[in-house]
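Here is what each chain is made of, one letter per residue.
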Amino acid sequence: QVHLVESGGGLVQPGGSLRLSCAASGSIFRINAMGWYRQAPGKERELVATLTPLGYTTYTDSVEGRFTISGDNAKNTVYLGMSSLKPEDAGIYFCNARLWSSATTKLTAYWGQGTQVTVSS
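So, a few notes on the structure that sits alongside this text. (Residues numbered from 1 in each chain as written. Predicted model: local features only at pLDDT ≥ 70, side-chain atom pairs only at ≥ 80, totals over all residues. Heavy atoms only, no water.)

**Concerning the side chain of D89**
Point 1. Within the element layout of this structure, D89 appears in the loop between β8 (77-82) and β9 (91-101).
Point 2. Reaching out from D89, the side chain makes a polar contact with the side chain of R66 at a distance of 2.7 Å.
Point 3. Those residues in contact with D89, other than ones at most four positions away along the chain, are R38, V63, R66, F67, S84, V117 and V119. (Helix = DSSP H or I, 4+ residues; strand = E, 2+ residues; numbered from the N terminus. Polar contact = N/O pair within 3.5 Å; in protein donor to acceptor, adjacent residues only side chain to side chain. Contact = heavy atoms within 4.5 Å.)

See the structure below:
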């Protein structure tokens, strides 16, 4: 089927930077959009950023100007560059892909397993 694998998480000090990556593989016909969500302890999962193959992006207000979402269409990969990280940015970051698989014409959302981002001094 379709698999999403995130990488790049880790421990960083406040003000530091990280770059997350997510590669989608499997029976992919066409990607409609990819994005990043995050979930901090005690908080609901929130949408962080989205990207379409044509380059349209969205960001949640709290990361605007600090995070940059980008991708490589040929590799079915999306990245999330994060700078000026704050403790409140910490949490599990999940990659999401909305796509048409080779098995169906229905748009389906897929999730990665998540990668931990810790921002602490």
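**Overview of the pattern of salt bridges**
It is possible for side chains bearing opposite charge to pair when their charged atoms get close.
Point 1. Scanning the entire structure with this criterion turns up three salt bridges.
Point 2. A salt bridge links R38 to E46, with the shortest nitrogen-to-oxygen separation between them at 2.7 Å.
Point 3. On the basis of relative accessibility, which here comes to 5%, the residue R38 falls in the buried class.
Point 4. Taking relative accessible area as the criterion, E46 reaches 29% and is therefore assigned partly exposed.
Point 5. Residues R66 and D89 are paired through a salt bridge, measuring 2.7 Å at the closest nitrogen-oxygen approach. Of this pair, R66 sits in the loop between β6 (57-59) and β7 (67-72) while D89 sits in the loop between β8 and β9; the two residues are 23 residues apart in sequence, bridging distant segments of the chain.
Point 6. R66 gets classed as buried once you look at its relative accessible area, which sits at 13%.
Point 7. What makes D89 buried here is its relative accessible area of 0%.
Point 8. Ionic contacts of the salt-bridge type, sharing partners, join the residues R38, E46, R66 and D89 into one network. (Salt bridge = Lys/Arg side-chain N within 4 Å of Asp/Glu carboxyl O. Buried < 20%, exposed > 50% of the residue type's maximum accessible area, 1.4 Å probe, protein only.)

**A look at the sheet that holds β7**
Point 1. Sheet architecture is open: four strands sit in the order β1-β3-β8-β7, paired in antiparallel fashion. Two strands close off the open sheet at either side, each with one partner strand: β1 (2-7) and β7. Going from strand to strand, the sheet's axes swing by 15° on average, the running direction of each strand aside.
Point 2. The pairing of β1 with strand β3 (residues 18-26) spans six bridges and is classified as antiparallel. Paired with S7 across the strands is S21, a residue of β3. (Pairing = 2+ DSSP bridges. Axes fitted to C-alpha atoms, helices over the stretch in contact; angles between N-to-C directions.)

In short, the description is geometric, and any link to function would need to be established separately.
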